[in-house]
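# Observations on the three-dimensional arrangement
What follows is the residue order along each chain.
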Amino acid sequence: MGEKRIIVALAGNPNSGKTTLFNSLTGSTAHVGNWPGVTVDKREGTYKKLEKPIDIIDLPGIYSLSPYTPEEVISRNYILDEKPDCVINVVDATNLERNLYLTTQLLEIDVPLVVALNMSDVVRKNGDLINVEELSKKLGVPVVEISALKEENLDSLMAEAYKAAAKGRVGKTVLESKELLHLIDDIKIAFKGKGVENPLFHAIKLVEMDELETKSHPDLIPMVEEFKASHADEVFGDDYEALIADARYKYISSHYAITLSKKDGNASKDKLSRSDKIDKVLTHRIWALPIFVLIMFIIFHVTFSEDLLFIGRITALAQGVAFDDLELITDPFWIRFLSADYLTPLEELAPLNGVPSIGVWLQSQFGFCTGSLIEAIRGSFGGGFIGIGMEEHWFTSLICDGLFTGLDAVLSFIPQIMILFLFIAILEDSGYMARIAFILDRAFRKFGLSGKAFIPMLTGFGCSVPGIMATRTLEDEKEKNRTIRLMTCFSCGAKAPIWALLAAVGVYAGFDGGIFVFSIYLLGIAAAVIFALFMKLFSKDQYVSPFIMELPAYHLPQFRNVMAHLWEKLKHYVIKAGTIIAASTIVIWFLSNFNWNLSLGMVAIEESMLADLGRTFNYLFFPIAPLEGGWTNISGWNVGDGWKYSVSTITGLIAKEDVVATMAELGLEEGTIFLQVEGVYSFALFNLFTLPCFAAMGAAYGEQNKKEFGITILWWLGISYGASLICYWVMHFCRTLPGLGYPLLVVLIGAVIAAGIIVSNRHKNAQRANA
Amino acid sequence: MLKKLDELKKGETGLIKKVEGEGRIRRRLFDMGVTPGAEVYLRKVAPLGDPVEVTIRGYELSLRKAEACLVTVEVK
């Protein structure tokens, strides 16, 4: 060791093929983390084909070094402060004009720079030609033609970077106006006097009145102001930000034209490329939305459906029998194979009542594996202990019910996460994701979200874990946080058993089960709309992030990029979420299997610490629990069934399926749930909105910084508590009021909606008046 | 004829004359190549009527009407 490793940073526009280049250069050495403080991917890896290994850092994709987006600030600070030995500027050779704009800014920093003209194979295929020598001479830095995808010329690119790193470089600018250069020179000298590094870069940014620069060097502003007053430009006045941006583009268009010779001049504008033809259909005025709905349906059907292609329902209909999800083949076929069960008739192996989607099927295979493993361990451990006349030993239970159940909770999500992210990676890589934002922007903007938020939200109906992980596609940090907080409004698949159980209670409490389940989903969506408006209304910063976005050309997704993306997601989930899930599951296991006198060994859940906690603090966990407790037993308000709902809600944190399981364990089943309609709704809404399972909380922890994650947890607790309390009292009041009853409830809901519309309109008008 | 970019019809081309707005929105427009002198071609309007898609400096850019109205163009 001893000697410092050479560090090369990759910088470039989004969609310039930077990540493809990174994957090609680093291969299996790549690993992904977060940049400090934000959830922007930080990729690091090593290039090993030169005499010495070179560390490679993939900076976030940016269009400029301005100070506004987290990506820009990260890249800028990285290059300025961490001082990589060389920066490789990845440039999309098929769109030199815009890509070189960033190059002109990178040139101004005192760092060795090599320009990689990526996708040069496409340029050649189009019959165009770029004069590399000329471009290199103009820019004053090495320029290398590469194809990251076909791995062409990567070795010579790295050799150039290696050479450049050894030489060092002093920043230079492409700005040509004499007066401007004069001003920049003066400021540069002042910066040098102060001992500031990269004086040229800082001087130009100060002339642009760049936020970061004016904050760190307020003493130099008068100098700029004075100059501007005396040297107003004829076109731009004292608007130097516009002047400099314009000068950069002017420089590029006057020089790159020489280096680029197009095959057929300007005629290409009228010719439709394949990408244009695809786009014509996918963003068509009329067909865009139906096609989008169809694509979404296919993705979610393949990932989450219990009845692929509705074969089960169709055959059930044809045979005139009721369809039952539970009869689908989710038995691992290889188990039959291994146990040499060839005698079972084929019809029984593959009954005609349908097959599950690949996601559900894989999940059941995973579940079967971990389930059998747990039972096998229990058998080998427990058998011995039970053999000498003991109850199950606590250690067996710790391994089986604590550790492995936690592991099972982590693993069971993997199949669906992988399949869903396979689709998301394809959507992103192909360029369709940007079009989704384009198509849906108008509908979502009203709620302070962008069209891209649609995918995480829709995913949330399947499972909150991939839903929360999918928020990474949202550029805006604030929007990401909001979308994560809204996630519990979308009832995930694991909550369905709770609704099914409560629907069955309808027979006793006097409501229709079908309408109940439907209303829960609807209430969730309505709540999401209300919460989104609420968050937008009460946000301190009313700034809406601009939607000035590139729509990249469509292209076939690259197998390696998609696989790398999947691998990253998987690792991220298992490491970040996995540790939280496993640890919290063990804590819950401990609380529900022991009483305060630990030495007595394991106890039934009714006698556990968890039950005691539930009895003591039940109003903390589920607001109506004491009421329901008092309702069944008047001798004390917390000795009834209420605490059982609290305890079930807590064990539901491991996985929402556990809510029903724990309720059953505590004796709350169809026929023994004595809740009135307000109790049912209140309990349902609480479970809908409250903390999702540990896996989803782990995912949120991975996507948010500590402070935002804390707010998210409080938000989930707050809305679930508030909603279930309000729901309980309003419905209780309406039900017990003679005569009026439910019509009053409808009127009340109508009044709330009307008030909401009025408030939001007023707010809008006030904003307009301000603007 | 001078028009705001959001008033441009589908298929029309214009030359950018002025970019208004402030702070990060304006800067973002500049960074994406929306500067005076550049040529824009209005390619498409989203199915719900907003945002719009333009061709500028050889690539496709989408922006909301609220942002497009900051840009003044001379219709060709």
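Residues numbered from 1 in each chain as written. Chains lettered and ligands numbered in written order. Predicted model: local features only at pLDDT ≥ 70, side-chain atom pairs only at ≥ 80, totals over all residues. Heavy atoms only, no water.

This next bit is on a nonpolar patch on the surface. Residue and element names in this part refer to chain A. On the surface, a nonpolar cluster with roughly 470 Å² of combined accessible area is contributed by Leu-294, Phe-297, Ile-298, Phe-310 and Ile-314. No other element matches helix 13 (residues 288-304), which puts three residues into the nonpolar patch. Within the secondary structure, Phe-297 sits in helix 13. (Patch = residues over 30% accessible without salt bridge, like charges linked within 9 Å, V, L, I, M, F, W, Y side chains within 5 Å. Areas by Shrake-Rupley, 256 points an atom, 1.4 Å probe, with all protein chains shown as cover. Salt bridge = Lys/Arg side-chain N within 4 Å of Asp/Glu carboxyl O. Helix = DSSP H or I, 4+ residues; strand = E, 2+ residues; numbered from the N terminus.)

Further remarks concern the sheet that holds strand 3 (residues 39-45) of chain B. If you trace the seven strands from one edge of the open sheet to the other, you get 10(A)-5(B)-4(B)-3(B)-2(B)-6(B)-1(B), paired in antiparallel fashion. At either end of the open sheet lies a strand with only one pairing partner, and these are strand 10 (549-550) of chain A together with strand 1 (2-4) of chain B. Pairing of strand 1 of chain B with strand 6 (residues 71-75) of chain B involves three bridges; the strand directions are antiparallel. Bridged to Lys4(B) within strand 6 of chain B is Thr72(B). (Pairing = 2+ DSSP bridges.)

Residue and element names in this part refer to chain A. Taken in spatial order, the seven strands of this open sheet run 2-3-4-1-5-6-8, and their pairing is mixed. What marks the edges here is a single partner per strand, and that holds for strand 2 (31-34) and strand 8 (143-145). Adjacent strand axes in the sheet meet at a mean angle of 25° when their direction is disregarded. Pairing geometry for strand 2 and strand 3 (residues 41-47), over four bridges, is antiparallel. Bridging from a neighbouring strand, Asn-34 pairs with Asp-41 of strand 3. Against the sheet, helix 3 (residues 96-106) touches strand 1 (6-12), strand 5 (86-92) and strand 6 (113-118), its axis set at about 165° to strand 5. (Axes fitted to C-alpha atoms, helices over the stretch in contact; angles between N-to-C directions. Contact = heavy atoms within 4.5 Å.)

Taken together, the side chains of Lys280(A), Arg285(A), Arg442(A), Lys446(A), Lys764(A), Lys10(B) and Lys65(B) define a basic patch exposed on the protein surface. With respect to the helices and strands, the residue Arg285(A) is situated in the loop between helix 12 (274-282) and helix 13. Residue Arg285(A) is classed as exposed on the basis of its relative accessible area, which comes to 51%. (Lys, Arg positive; Asp, Glu negative; His and termini not counted. Charge placed at Lys NZ, Arg CZ, Asp CG, Glu CD. Buried < 20%, exposed > 50% of the residue type's maximum accessible area, 1.4 Å probe, protein only.)

Further remarks concern the pairing of strand 4 (residues 52-56) of chain B. Residues and elements named next belong to chain B. Within strand 4, five of the five residues are buried, which leaves it mostly tucked inside the rest of the structure. Burial of the side chains of strand 4 extends over both faces: Val-52, Val-54 and Ile-56 are buried on one face and Glu-53 and Thr-55 on the other. Here strand 3 pairs with strand 4 via five bridges, running antiparallel. Looking at the pairing, Tyr-41 lines up with Thr-55 of strand 4. Of the pairings in the sheet, the one linking strand 4 to strand 5 (residues 59-63) comprises five bridges and is antiparallel in character. Note that in strand 5 the partner of Ile-56 across the bridge is Tyr-59. What sits between strand 4 and strand 5 in their antiparallel hairpin is a turn of two residues, with Arg-57 showing a positive phi close to 45°.

Further remarks concern helix 21 (residues 454-462) of chain A. Here helix 21 of chain A has its buried residues at Ile455(A), Pro456(A), Met457(A), Thr459(A), Gly460(A) and Gly462(A). Where helix 21 of chain A is buried, its residues touch helix 13, helix 19 (414-430), helix 20 (432-445), helix 22 (464-469) and helix 23 (477-486) of chain A.

Across the boundary between the two partners, chain B contributes 35 residues, which contact 44 residues of chain A. Approximately 3800 Å² of surface area, both sides summed, lies buried where chain B meets chain A, with 54% of it carried by carbon and sulfur atoms. Interface area lost by chain B to chain A is led by Arg24(B), Arg27(B) and Arg64(B), which between them contribute 20%. Across the chain B-chain A interface, the total number found is seven salt bridges. (Buried area = accessible area lost by both parts, 1.4 Å probe.)

This brings us to helix 7 (residues 178-193) of chain A. Residues and elements named next belong to chain A. Here helix 7 is 16 residues long and its end C-alpha atoms lie 23 Å apart, about the 22 Å a rise of 1.5 Å per residue gives. Here helix 7 has its buried residues at Leu-180, Leu-183, Ile-184, Ile-187 and Phe-191. Taken end-on, helix 7 shows its buried residues confined to a sector of 95°, consistent with a single buried face. Within helix 7, the exposed residues directed more than 90 degrees away from the buried face are Lys-178, Ile-189, Lys-192 and Gly-193. Directly after helix 7, the chain includes Gly-195, whose backbone phi takes a positive value near 75°. (Expected span 1.5 Å × (residues − 1). Arc of directions from axis to C-beta.)

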